[in-house]
Every structure is written in C-alpha cells, then in structure tokens.
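A structural walkthrough
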Amino acid sequence: MSEVKYSKEHEWIKLDGDVATIGITKHATEMLGDIVFAELPEKGSNVEKDGTAGVVESTKAASDVYTPVSGEVVDTNQAIVDDPSKINQDPEDSAWFFKLKIKDPSEMDTLMNKDDYDKFAKETSA
Amino acid sequence: METKKTSLYQLHQDCNAKFVEFAGYQMPIQYSEGIVEEHKFTRNHSGIFDVSHMGQLFIYGGEDLIKDLEKIFPLDLKNLKLNHSKYSFLMDKDAGIHDDLIITKTNEGFLIILNAACKDNDFKILKELLKNKYKMVLDENRSLIAIQGPKSSEILNDVINGVKDLNFMSGNWFTFENQKVYITRSGYTGEDGFEISIANDFVDQLTRELINKGSKLIGLGARDTLRLEAGLCLYGHDLDKDKTPVEANLKWAISKERISKGDFIGSDIIIKQLNNGVTKIRVGIKPEGRIIAREKTKIFNQSDVHIGEITSGTFGPSVNGPVAMGYVENEFSKKNTKIFLEVRGKKHPASICSLPFYKKSYVKGVN
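1. Section: the sheet that holds strand E5 (residues 46–47) of chain A
Strand order in this open sheet of six strands is E1-E2-E3-E9-E8-E5 (chain A), and the pairing throughout is antiparallel. Either end of the sheet is taken by a strand with one partner, and the two such strands are strand E1 (5–6) and E5 of chain A.

2. So, the interface of chain B and chain A
Counting from both sides, the interface comprises 12 residues of chain B and, opposite them, eight residues of chain A. Contributions of two or more residues to the side of chain B that touches chain A are made by helix H2 (35–44), helix H7 (220–229) and strand E17 (306–316) of chain B. Across the side of chain B that touches chain A, the residue classes tally to five nonpolar, five polar and two charged.

3. A look at the packing of helix H5 (residues 152–159) of chain B against helix H6 (residues 200–212) of chain B
Residues and elements named next belong to chain B. Across the interface, H5 lies against H6 with an axial gap of 9 Å and an inter-helix angle of 125 degrees. On the basis of their axis angle, the class for H5 and H6 is oblique. Handedness of the crossing formed by H5 with H6: right-handed. Contact with H5, carried on its side by Ile155, Leu156 and Val159, involves Leu206, Glu209 and Leu210 of H6 and no other residues of that element. Residue composition of the contact of H5 with H6, grouped by class: five nonpolar, no polar and one charged.

4. Observations concerning the environment of Phe340 of chain B
Residues and elements named next belong to chain B. Residue placement: Phe340 occurs in strand E19 (residues 338–343). Judged by local crowding, Phe340 falls into the partly exposed class, with 19 C-beta atoms found within 10 Å. Considered as a pair, Phe340 and Ser351 are 11 residues apart in the sequence and their alpha carbons are 7.9 Å apart.

5. Overview of the packing of H2 of chain B against H7 of chain B
Residue and element names in this part refer to chain B. Taken N-terminus to C-terminus, the directions of H2 and H7 make an angle of 55 degrees; their axes are 8 Å apart at the nearest point. In terms of their interaxial angle, H2 and H7 are classed as oblique. Read as a crossing pair, H2 and H7 show a hand that is right-handed. Contacts from Ile35, Glu38, His39 and Thr42 in H2 reach Gly221, Ala222, Thr225 and Leu226 in H7.

6. Side note on the sheet that holds strand E1 (residues 4–5) of chain B
Residue and element names in this part refer to chain B. Pairing is mixed across the open sheet formed by three strands, whose spatial order is E1-E3-E2. Edge positions in the open sheet fall to E1 and strand E2 (18–22), since each of these has one partner strand only. Where E1 meets strand E3 (residues 25–30), two bridges bridge the pair, whose relative direction is parallel. In the strand pairing of E3, Lys4 is matched with Tyr25. Packed onto the sheet, H7 meets E2 and E3 and runs at close to 65 degrees relative to E3.

7. Examining the domain arrangement of chain B
Residues and elements named next belong to chain B. Partitioning chain B into structural domains gives domain 1 (1–230) and domain 2 (279–353). Once you take the C-alpha centre of each, domain 1 and domain 2 turn out to be 30 Å apart. The class makeup of the residues in the side of domain 1 that touches domain 2 is two nonpolar, two polar and four charged.

8. Quick word on the nonpolar core
Formed by 114 residues in total, the largest nonpolar core has its most connected members in Val56 and Leu100 of chain A together with Leu101, Ile112, Ile145 and Ile147 of chain B. Built from parts of two domains, this core gets at least three residues from each of domain 1 (1–230) and domain 2 (279–353) of chain B. Beyond its immediate sequence surroundings of up to four residues, Leu100 of chain A is in contact with Val19, Ala20, Ile22, Val47, Thr67, Val69, Gly71, Glu72, Val73 and Val74 of chain A.

Parameters and conventions
- Residues numbered from 1 in each chain as written.
- Chains lettered and ligands numbered in written order.
- Predicted model: local features only at pLDDT ≥ 70, side-chain atom pairs only at ≥ 80, totals over all residues.
- Pairing = 2+ DSSP bridges.
- Helix = DSSP H or I, 4+ residues; strand = E, 2+ residues; numbered from the N terminus.
- Contact = placed C-beta atoms within 7 Å.
- Nonpolar A, V, L, I, M, F, W, Y, C, P; charged D, E, K, R; others polar.
- Axes fitted to C-alpha atoms, helices over the stretch in contact; angles between N-to-C directions.
- Parallel < 35°, antiparallel > 145°, perpendicular 65-115°, else oblique.
- Left-handed = near helix turned anticlockwise from the far one by under 90°.
- Buried ≥ 20, exposed ≤ 12 C-beta atoms within 10 Å, placed from the backbone.
- Domains from an automatic or database assignment.
- Core = buried A, V, L, I, M, F, W, Y, C linked by C-beta atoms within 7 Å.

Here is the structure:
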C-alpha cells in the first residue's frame, strides 16, 4: 500500500493496487464545522480529475467534494450518508467517501505528501 | 469602514470564538464546540448570545408620543401596559417591511430593539416621521445579551434576583453592581429566556458570572438554526421591503383595533390584503430525506411550475433533519401540499408544513 496523498481541495487519497480510497481531510472538517449532509457519486459512474464527485454541507453552507484523480466509482460509503456526523468524528479513516478504480496512476504524482499538505493547510487558513 | 467590536469581544476570544463580519461588526459565528452542540445546549440548558450589535433605541415622551407612534406601528400602544413588549414592524407606505422589531413601553417612553443592519436607517426614518419632536437615543453605550433555554431563569435569577417573576413579553429595571439594567422575558430561539440591556462597562462581568453558573456563550450560527426551528423570521432573508406583514404570515402581530381604524403607514395595503388575500405567502417547508434547501432555492409544484422560493433553510439539530421556510403562491400554501425543491439541478420532494418545527411552551404567567 502506498502513502497517503493530499489535494489542494483538501481531499486525501490512499492507493491500494489500482483502487484508491478518497475522503476529506481533518483540516477540511474543522473549516466546515458540523457536517449534516453528504452526497456521494453513483457507483459505476466515471469521474474526472478535479471534477465534482460529491457534496458536503455543514449547518452553515454547502461545499463540493472533488476527486483528486480520474477513475470509475467502485464503492461508496453509505454510512456517512446515513450519519454525516461520522465525517467530523473520523474523517481520515472510517468516514471515507468513495473508492475509484483509477485510470492513470501518474495523476498521483501531482498530489502533495503529508508534510507539504500540512504546510499548505496552515498557510491557506492563516 | 472599520468593523466594530462589541464589549464582549475579549470574552469571545477567550472562549475561542470564530468570528465573521455581520452588519459591520465582528461577531462570533461559533465557539469550539460547534453549532450543533451549541444549539442543543441552548435547548437543553442555557445559552448566552451577544446581540449588542442590535439597535437599542430609546424614545422619550408621553401621550403625544403614543399617538405619533400609533401612526407608524400597527399596535395598540395606548392600551399596552407599562413594561410590556410587542413584536412589530417599521413599514413603508406600501406595507413593505423596513425592519422587524420589539417595542416595549417604559416609564419614560419606549424602547425599541432593531436589527443591526437596519438600525441607522430606522433611526433616520423614525426621526423624520416623528418630526424631531422627541428625544431619541440609539444607545451605543449599552450592550444587549440574551440568555435562552430552560435553565436560564434559574441561572439569571441567581445573579440578578427577581427576574424569574417576569412574565413572557414583559420587562423591568433591575440592579447589577449598582447599575440599572433593563431585562425583558423574551428572545428569538423558541425557548424561555431573557434579554438584558446593560452598560458596556459591566456586560463582560455579568456574562462571566452567568458562565460561572453553568451557562455558555452561543454563536450566531446556532442562533440561526434555533430561530429557524422556532419558525421565526430573519430580516433581509424572510422579510424585506418587497414583502408585507400579511404576506409574511405575521398578521397576528397587527392589532385588530388598529386595522379597524386603518390610520397607520401601510394600512391601506394591509387592509386590502386582509380582505382580498395575497398572491404569495410565507410557509414552513419540510424536505423529505436529508437534502438541505438553502435561501434562493426554487420551489416547484407537482406540474413542474415555478411557484416560489426558499428564504431560509438549514439543518435543524433538534428536529434532526432539514428545515426551511419560503414564499409560495397562495394556492399552494396549504399544509401537506407536495412541492419540489431544486437543489444542484435536481428536484427533491418536500411538503408545506406548519410552523414552528420545534415547539416548547413559553412562560406565560398571569397578566
């Protein structure tokens, strides 16, 4: 299993073979506040790198969720749709959003590692 | 223009508030526990709200002032008892709403609580309408806090003895640290509670004492979810100059006595609408499922015809689901009418429902 990578839109992605698991970062949940609604892409649909692949809403506002890489949606996490507060509780593990069969592994190279992301998150929220 | 800070700014910071600019003020949107927890704490315990950005307008006068104010507000102010409050509106001649407000009869005249974003304009309008006959003070030296929720009476009474005997929508002068504070039993959350007008220099101390007794500061975020669950309007969203009190379904706040005379600003339109009905009206809206329909969401009927728009919509933590209100064409305003809400290009089923979404009994007392 490869290391976890991060996007500028505050998604994390973990690659296992050719299947990537994607969610939103703890930093993103802290900026959003209490998440009360989640919408996920349809299983079997194709999503394009940096395209919209879901929505999360806090009590305050709605935000799009983007996919950091292209691929076919092979699984979605119904548990976070049924209870969106799980996203605040465990964003970078059990509250993953969707799994993709990825199209182009080289897209992973455009993403940040943990140190770079932490720095990015700190700078952009300052 | 520089954003203003309320006298509780330091305390908000000490409580890890996240700030937003609201009506020219730096206001706390939430604290570290977040909107949902703050909302529930208010419903179950007691929450303190800094509403010092709102206008506290004192108008001094006697019988003449009552007569002049009755030409402006659709209220029976002559028969309003001393220290009693009424919800009302400042309207234009077409009954469009400049602002919604709470007016209280005091021993020296009236105290009117105005929305922060409207207060300066309201002051100008009222000064002109009253032709400079009365002393009017939009008091910047006083802060305003609200304490809301089932434990509020007990907590506030521990600090300021006697407040627990106030009836709903009435007030009086009390003393805190030798300062005169004006307290009314009112609020905007659907909970029992109080609003306290106090000199800026003493509000920090009073608020800290209330926190020491177990209450907590609550931000504007939870104030919004609380008032929406309670079916209460937010000016600039659910009310504005293009809507009348009749369209806003607030005719309960208009005095019947005054309608029969019809001599206040906007009365022609109000009477016409009461007699002939309105084309659009404010309703409660309950989406099916969890989809949140926010302000400006378009509303459609079952034949896919556009019939209105959402003016407030969020997630209601006590309802544990989405809640909204908006304006629809009158023929679709009946309870349980099926409608559709267009969110992100898709139409989601919802129905018209009665307000409030969340109900608790206020302390009424005997008059």
